[in-house]
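For reference, the chains in residue letters:
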Amino acid sequence: MPITVEHLESGPLLYYEFSGRITLHDLETLRERETPYFDALRPGSRVAIVLDLTQLLTIPAELFAPLQQSRVVSDERVSVVGVVGANPYLRALAISLGLIAAKHDFVFCQTRDEALRRIATHPALLLPINTNH
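What you see is a predicted model, and the numbers here were worked out from it, not measured in a lab.

### Focus on the nonpolar core
Formed by 25 residues in total, the largest nonpolar core has its most connected members in Tyr-16, Phe-18, Ile-22, Ile-49, Leu-51, Leu-53 and Val-81. Of all the secondary structure elements, the ones that give two or more residues to this core are strand E1 (3-8), strand E2 (13-21), helix H1 (24-39), strand E3 (47-58), helix H2 (64-68) and strand E4 (78-84). Looking at this core element by element, the count peaks at 5 residues for E3. Leaving out residues up to four positions away in the same chain, Ile-49 has contacts with Leu-13, Leu-14, Tyr-16, Phe-38, Val-72, Val-78, Val-80, Val-81, Gly-82 and Ile-119. If you look at the next biggest cluster of nonpolar residues, it comprises 12 residues, including Leu-8, Ala-48, Val-107 and Ala-115.

Structure below.
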């Protein structure tokens, strides 16, 4: 499976690892795998995500629309996303196609450890969820 999801014990934190070439089926499976973690969040809780793209080869352009609907991008309970290993092309493509939304902060890092350190002290973890839609 080119996408894995795991809960890290260091707090309300999920670790996503993308590898190889991602397909629409992979994104659908991702949704199934992350659902139990999001369902387990208490009302008003927030979660941080480390999104590790170090081993990612490519994301086809036709997957950007489904990615915009993913929880990493669209779920209001996500406070901050630490993106690891995004090369300049992936970063520019994500920004230009609107994947990096204003709903929460995206922090670009070189390593998983750096992402964990930056997330641990990120002020977005302390912000309440905006319920005024």
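So, next bit.
### Notes on the side chain of Glu-34
Turning to its location among the elements, Glu-34 is positioned in helix H1. A polar side-chain atom of Glu-34 sits 2.5 Å from a polar atom in the side chain of Tyr-16. Residues within four places of Glu-34 in sequence aside, it is in contact with Val-5, Tyr-16 and Arg-71.

### A few points about the environment of Glu-17
Within the secondary structure, Glu-17 is located in strand E2. Between the C-alpha atoms of Glu-17 and Asp-52, which are 35 residues apart in sequence, the distance is 4.7 Å.

### Comments concerning the sheet that holds strand E5 (residues 105-109)
Taken in spatial order, the 5 strands line up as E1-E2-E3-E4-E5 in an open sheet, and their pairing is mixed. On the outer flanks of this sheet lie E1 and E5, each paired with one strand and no other. Between one strand axis and the next, the sheet turns through 20 degrees on average, direction left out of account. With 6 bridges joining them, E3 and E4 adopt parallel strand pairing.

Thresholds applied
Residues numbered from 1 in each chain as written. Predicted model: local features only at pLDDT ≥ 70, side-chain atom pairs only at ≥ 80, totals over all residues. Heavy atoms only, no water. Core = buried A, V, L, I, M, F, W, Y, C linked by side-chain atoms within 4.5 Å. Buried < 20%, exposed > 50% of the residue type's maximum accessible area, 1.4 Å probe, protein only. Helix = DSSP H or I, 4+ residues; strand = E, 2+ residues; numbered from the N terminus. Contact = heavy atoms within 4.5 Å. Polar contact = N/O pair within 3.5 Å; in protein donor to acceptor, adjacent residues only side chain to side chain. Pairing = 2+ DSSP bridges. Axes fitted to C-alpha atoms, helices over the stretch in contact; angles between N-to-C directions.

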